[in-house]
Every structure is written in C-alpha cells, then in structure tokens.
Amino acid sequence: TGQGTQAFTRVLDLSANGVSWLFVDMEELSYVGSAGLAVAVKVAEQLRGKRGGVTIFGLSSNRKLLVETPGLASFLNPCDTLEDALLKAQGSSPH
C-alpha cells in the first residue's frame, strides 16, 4: 500500500506539471491486483480532468480480459502496442 500511494503521488505530481497522458507497459506484469487497478482508475480520473488519461498496453489476453470484464476499459484504454496507445491518445476526444 505504501508503494502504491507513493506511485500515485508521483503521477499526480507529473499531472500538476502538465503531463496529461500516462502510457503503461504491462508486458512484464505478472500480477494484476484490485488495489493497483484502483490506483490506475484514480490516476485516469485525475488525468481526464486535464483532457488526457491512462492507456495500458502489452497485456496478455487473460489480463486484457480482466481489465475489460469489470468495465475498467473505459478508464484504462487497453491497447495491444505502444503505437496503438499513442494513436488512441491522439484521436481521443476530451472527456
């Protein structure tokens, strides 16, 4: 929990300094926990306020299903590759 809070604080600091999109490579991820997903959604909500968001990419099909099943896809914008994530961010309309 302490590490998650520190990571969330660092992302919010980036947001305060003008960062509006966060791209997260999930390819090396071995575990997806509910606490991590909750932090990612909170960050996505913060960045949406800056007309940006969070885009995750490199998920295995099982992990992609995990993100899409509970409706998190609308917050985390899963993509297959970084290139797809960048295109999604460029083509997104303000939230």
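Before reading further, recall that the structure is shown in the block above.
Just so we're clear, the structure is a prediction, and the values are computed from it rather than from any experiment.

Peer 1: Go over the packing of aromatic side chains with me, naming the residues and quoting the values.
Peer 2: Taken as a whole, this structure holds 1 aromatic pair when the rule is applied. For the ring pair Trp21 and Phe23, a centre distance of 6.1 Å and an interplane angle of 20 degrees mean the geometry is stacked. Residue class for Trp21 comes out buried when judged on its relative accessible area of 18%. Exposure remark for Phe23: the relative accessible area of 29% places this residue in the partly exposed category.

Peer 1: If you had to explain the pairing of strand S2 (residues 53–57) to someone new, which residues and values would you point to?
Peer 2: By the criterion of burial, S2 is predominantly enclosed, with 5 of the 5 residues buried. Burial along S2 is two-sided: Gly53, Thr55 and Phe57 and Val54 and Ile56, pointing in opposite directions, are all buried. Bridging between strand S1 (residues 21–25) and S2 involves 5 bridges; their strand directions are parallel. Bridge pairing in S2 places Phe23 opposite Thr55. Where the polypeptide runs from S1 across helix H2 (residues 34–48) and back to S2, its parallel neighbour, the crossover connection is right-handed.

Peer 1: How would you explain the pattern of salt bridges if you had to name every residue and give the values?
Peer 2: Within this structure, the stated rule accounts for 1 salt bridge. The closest approach of N and O atoms between Lys64 and Asp80, which form a salt bridge, is 3.0 Å. Residue Lys64 is located in helix H3 (residues 61–68), and its partner Asp80 is located in the loop between helix H4 (73–76) and helix H5 (82–91); the two are separated by 16 residues in the primary sequence.

Peer 1: An account of unusual backbone geometry is needed here, citing residue identities and associated values.
Peer 2: Unusually for a residue other than glycine, Arg51 sits at a positive phi of about 60 degrees. The exposure class of Arg51 is exposed, given its relative accessible area of 58%. Unlike most non-glycine residues, Asn77 shows phi in positive territory, near 45 degrees. Locating Asn77 in the fold gives a position in the loop between H4 and H5.

Peer 1: How would you sum up the nonpolar core? Please name residues and give values.
Peer 2: Core analysis: the biggest nonpolar cluster contains 14 residues, and Leu37, Val54, Ile56, Val67, Leu72 and Leu76 have the highest contact counts within it. Secondary-structure elements contributing two or more residues to this core are H2 and S2. In terms of residue count, the dominant contributor to this core is H2 (5 residues). Residues contacting Val54, with those up to four places away along its chain left out, are Trp21, Leu22, Val24, Ala40, Val43, Ala44, Leu47, Phe75, Leu76 and Asn77.

Peer 1: Quick one: what's the story with the environment of Ile56, residue by residue and with numbers?
Peer 2: Looking at the secondary structure, you find Ile56 in strand S2. The class for Ile56 is buried, based on a relative accessible area of 4%.

Peer 1: Got a sec to walk through the environment of Leu29? Specific residues and values, please.
Peer 2: Turning to its location among the elements, Leu29 is positioned in the loop between S1 and H2. Taking C-alpha positions, Leu29 is 9.1 Å from Ser60, a pair spaced 31 residues apart along the chain.

Definitions and limits used
Residues numbered from 1 in each chain as written. Predicted model: local features only at pLDDT ≥ 70, side-chain atom pairs only at ≥ 80, totals over all residues. Heavy atoms only, no water. Phe/Tyr/Trp six-rings, centres within 6.5 Å; stacked < 30°, edge-to-face > 60°. Buried < 20%, exposed > 50% of the residue type's maximum accessible area, 1.4 Å probe, protein only. Helix = DSSP H or I, 4+ residues; strand = E, 2+ residues; numbered from the N terminus. Pairing = 2+ DSSP bridges. Right-handed = clockwise from strand over helix to strand, strands pointing away. Salt bridge = Lys/Arg side-chain N within 4 Å of Asp/Glu carboxyl O. Core = buried A, V, L, I, M, F, W, Y, C linked by side-chain atoms within 4.5 Å. Contact = heavy atoms within 4.5 Å.

This is a description of form; function is not addressed.
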